Amino acid sequence: MKKLITKGLFLLMLVLSFSVRAQERSITGTVIDAATNGPIPGASVVIKNTTIGTATDFDGLFTIQASTNATLVISYLGYKTKEMVVGSESTYTIALEEDAAQLEEVVVVGYSTQKRESLTGSLQTVKGDDLRDVTTPSVENMLNGKAPGVFVSPGSGKPGSKGGVVIRGQATLSGTTSPLWVIDGVIVGSGAGELNPDDIESITVLKDAASTSIYGSQGANGVIVVTTKRAKVGKTTVNFSTKLGFNQLNNGNTEMMNGAELYDTYSSFANADQISFPRWSPDLRNSNFDWWDVATKSGFTRNYNVSIQGGSETLRSFMSIGLYDEEGAVKGYDYTRYNFRFKTEYKPYEWLTIKPSLVGSLRDVEDRQYSTTAMYSNLPWDSPYDEDGNLVGHRSSSWVNSASTNYLYDLQWNHSSNKNYEFMGNLDFDIKLTDWLTFSSVNNLRYNSYKAKGYTDPRSSGGESVGGRITDYRSEYTRQYTNQILRFNKSWDKHYLNGLLAYEFNDYRSETLDVYGTGFIPGFEVLDVVAKPERTKGGINEWAVQSILSNANYSYDNKYMAQVSFRRDGASNFGDNAKYGNFFSLSGGWNIDREDWFKADWVDALKLRLAYGSVGNRPSSLYPQYDLYAVSSGAAYNGNPGALISQIGNKDLTWEKTYTSGVGLDARLLNNRARLTFDYYQKNTDNILYQVPVTGLTGVTSIWQNIGEMENKGIELAIGGDIIRTQDLTWSIDVNLGHNVNNLTKLYKTKDASGNYVVRPIIVGDGLGIAGSAQRMLEPGRPVDTYYLKEWAGVNPDNGLPMWYTVDRDDQGNELSRTTTSNYSEATFEKTGKVSPDLFGGFTTALSYKRIDLSAVFGYAIGGKIYNYSRQEYDSDGTYTDRNQMVLRPGWSRWEKPGDIATHPIARYNNQDKGNATSTRFLEKSDFLKLRSLSLGYNLDVSQYNIDNLRISFTGENLFVITDYSGVDPEIPVSDSGAILGSTGPAVYPATSKFMLGLNVNF
């Protein structure tokens, strides 16, 4: 009997199943914009209460299997969600209405999200798609020109080179000037790490106190919040994208001489009869080896990314895999990076959401790179090959510069490599305690392992004296981060209140090992084979920060907004006298367009913002509060270990704080066709942290102190609009600019010879690390990046000698007289120019017609100075006879006879006139206008192949630059640490122009 019942139930269920399936049919439809009747591609169409769904193609079309009376839920960002019950028809047209409040409804800010209309702080959001107009593994470089007030120096064209970022001017004198990076709620430090740009959903740049003070001592340089992609509810979708192309060096305005030009230059020297080259004859005009050509090629770039996402409200996941590989345009350098990301959200109960994630990357570099210095400096008269095509050795008698080495000879054997592994794991969860109270827990572990190896062959120039050298460097660090947040969100009548209370802990531990070994048989590349352990070094660094923080936002009737935040940080690199620092912000906003008396219908939104608050900074040293002794080989005696004092501690060292006030205005006009954002700000930094020089009698040459005050003030403007906006054609233009004025307002006092306390300017280097390069001065009343150089006065028309100014001043520094001198030692140092530009930013224009789109992105800077050190060597008037020289630029001229008005002094063999010594002769304007990218795309209709969209694009990057700068690139390079430099050395790796073919497929 039971078997009969079971079989009956099975048959009944089977019949019902066939009945249901019989009712399902193919439903097709078009989703359009209710206002323009234009198609909406990418709209989500899901059967309600199921995971069955699809997305519209480029023409707004969709097909789905659904039964009669099923409810379809149609949604798209910026539009009101619509539900439609399936009737007897098989074809439908669904019109979605634009939801102006939702267009930019949610913005990711510090530790939370907010509706844009309720924001009181100054921030800029850049969508992930807007970043990828340039092809680079560096997220920093992608921000270049995208946000007002955000200055990005893109670094060199070397594959993997990272840019330096400064937000609203330099706010500190020590440590990094880079902003804090926060990825998916996790503080990761002063850089984006190995973040894959294709994983980014959006970037929010936080700039003022209302936005950054919640980050306290870590927000002094601004904050960049990155939100990566997450899975959307609905059907599983796959996205594949690739870019393939080649890159070429763009040498700017620098042109080096060929053999004939260099010979003619030397022949024109005033003392040409004293030239003593071993091969000095007119035949050198025909000796023309191209060191640039032998070292360069068309590099190849490829970028692949695949992502899979989908799921239900209960469980949804996102996974991506990426590969970026670039061969350098300078031969011998290959950069490869692999990325993966897995994020999932599991909601087993209505009140619980669990969000584990795992992110990883591998960066692999093979380095046998040709010399960028030799590309410029090696004489065209000297060939690295003999007549039979074999490489000549070092200090070859066949070379004019017979004292030099042939780096290609060494490059037969010498090479290096490095690998960097980075992993991040999160186990986050949210608990909904009530309908207005939620507990969120963010728990992250970040691990990084870096290893580098170097091989210098015993037969090479660098290895012959020690029998070869093998180097092995290892470092690894672990960073733990946890944040426990209680969020509240409550509304009643016309009142709305939300905020958070949190505890945060962040610690860091790193270990390094650095080993050299010398003396081995050629071809062996492991340390086991060396005869002598040349060096063994290693160290451990640790620090920790813990914080409590709170934030509250209040809104009344969506008209009047107020925000308050407070944070208290405790850091391990302060003494007990100042272990903790307090930071706060107060801000308010007024949506003027919501007032009843406001009758301007052409204004869609108009908001006024005000903010004031503080952020802070810690010293870059780990333990500046302690007197420290160093146990090292330098302290050893007669083979016995020893210790020497290495630091004088300052237990009263306290937090560097920056107080920022600002006012801003946001507007949207003419049915959202025009948009404007304006900000004015003033940042005042006090208790500036700095390592002050002291007498070295104790073996210590500096001590950490709080030394002074600094001010930054400026304006930011972003303005744009849709010039044409119809169903088929859209043309938009967006422009942004930033203007910042920096001023050191106060500096510590020291005793003069009379025992009086006076302010003495501090002379600092330019960061190049090259003896004889430019220097700068820290002095109250001037920008902190002010050059301090002898001032070039031109060329004496009577005798062709170089001239500089000698300036007499009174006790207050006022100029009394100014004379010229040809004696370099008599010239006086002057404060001349600054690194940072007066205006900088970018502008974008985009045109789309049906399936075709065209966009161009430009960048510019005006008013800054760059010190072109390379000219000291390559434009040296005959001082340097062992390196090639620059071709004189248009408008430049060389003095030849009395009466000549020239830009360049008389040239002599082994010139000792000091014309190429450090001075403002080589300080040039860094103004430029650059076409960063030009992109053409086409979207194909391939819906018949079940492909939602297929896009083909062609992009040219860094296509041209308009500038008077005589060097390789006016965009100032950055150091390996990310610091923006104001000078360029003799071995600049030029920027590259890229030409990329892209393909993107969604299905």
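Residues numbered from 1 in each chain as written. Predicted model: local features only at pLDDT ≥ 70, side-chain atom pairs only at ≥ 80, totals over all residues. Heavy atoms only, no water.

**Topic: empty space enclosed by the protein**
Applied cut-off: A 1.4 Å probe that fits into a set of points on a 1 Å grid over the protein atoms alone but cannot get out defines a cavity; an open set with protein on both sides within 12 Å along at least five of seven lines defines a pocket, and lining residues are those with an atom within 4 Å of a point. Grid points are joined across faces, edges and corners, and a volume is the space filled by probe spheres set on the points. Secondary structure elements follow DSSP: runs of H or I no shorter than four residues count as helices, runs of E no shorter than two count as strands, and numbering proceeds from the N terminus. The residue classification treats Ala, Val, Leu, Ile, Met, Phe, Trp, Tyr, Cys and Pro as nonpolar and Asp, Glu, Lys and Arg as charged. All others, Gly included, are polar.
Taken as a whole and judged by the stated rule, the model has ten cavities of 30 Å³ or more. There is about 550 Å³ of room inside the largest cavity. In this structure, the largest cavity is lined by 33 residues; those nearest its centre are Asn141, Pro154, Ser156, Asn958 and Thr992. Of all elements in the fold, only helix H3 (139–142), strand E19 (315–327), strand E51 (928–940), strand E52 (949–962) and strand E54 (991–1002) reach the threshold of two or more residues within the lining of the largest cavity. Among the elements that take part in the lining of the largest cavity, E54 stands out by supplying three residues, more than any other. Split into classes, the residues belonging to the lining of the largest cavity amount to eleven nonpolar, twelve polar and ten charged. The volume enclosed by the second largest cavity comes to roughly 140 Å³.

**What to know about helix H5 (residues 259–267)**
Definition in use: Exposure is judged per residue with a 1.4 Å probe applied to protein chains only, and the accessible area is read against the type maximum: over 50% gives exposed, under 20% gives buried, and values in between give partly exposed. Note that the arc is defined by the directions from the helix axis to the C-beta atoms. Each polar contact in these results corresponds to two N or O atoms within 3.5 Å; when the atoms are within protein, one needs to be able to donate a hydrogen and the other to accept it, and residues that are neighboring in sequence are counted only if both atoms are side-chain atoms.
Every buried residue belonging to H5 is among Gly259, Ala260, Leu262, Tyr263 and Tyr266, and all of these are buried. Summarising the axial view, the buried residues of H5 lie within an arc of 165°, below the 170-degree limit, and thus occupy one face. The N-terminus of H5 is capped by asparagine 258, whose side-chain oxygen sits 3.2 Å from the backbone nitrogen of alanine 260.

**Quick notes on unusual backbone geometry**
At asparagine 69, a residue that is not glycine, the phi angle is positive and equals roughly 75°. Its place among the elements puts asparagine 69 in the loop between strand E4 (61–67) and strand E5 (71–75). Of note, asparagine 671 is a non-glycine position whose phi angle comes to about 55°, a positive value. Along the polypeptide, asparagine 671 turns up in the loop between strand E32 (656–669) and strand E33 (674–686).

**Notes on the sheet that holds strand E50 (residues 923–925)**
As a reminder, the rule being used: Pairing between two strands requires that DSSP report at least two bridges joining them.
Reading across the sheet, the three strands line up as E50-E49-E53 and stay open at both edges, with mixed pairing between neighbours. Of all strands in the sheet, those with a lone pairing partner are E50 and strand E53 (983–984), marking the two edges. Both strand E49 (residues 865–868) and E50 contribute to a ladder of three bridges, which runs antiparallel. Bridge assignment links isoleucine 866 to a residue of E50, and that residue is glutamate 924.

**Details of the sheet that holds strand E41 (residues 775–778)**
Worth spelling out the cut-off: Note on method: axes are straight lines fitted to C-alpha atoms, helices fitted across the in-contact stretch only, with angles between N-to-C directions ranging 0 to 180 degrees.
On the basis of which strands lie adjacent, the open sheet formed by four strands has the order E40-E41-E42-E46 and antiparallel pairing. Two strands close off the open sheet at either side, each with one partner strand: strand E40 (762–765) and strand E46 (829–834). If you compare each strand with its neighbour and ignore which way they point, the axes differ by 45° on average. Judged from the four bridges that link them, strand E42 (residues 786–790) and E46 form a sheet pairing that is antiparallel. Residue threonine 786 lies in a different strand from E46, and its bridge partner there is lysine 834.

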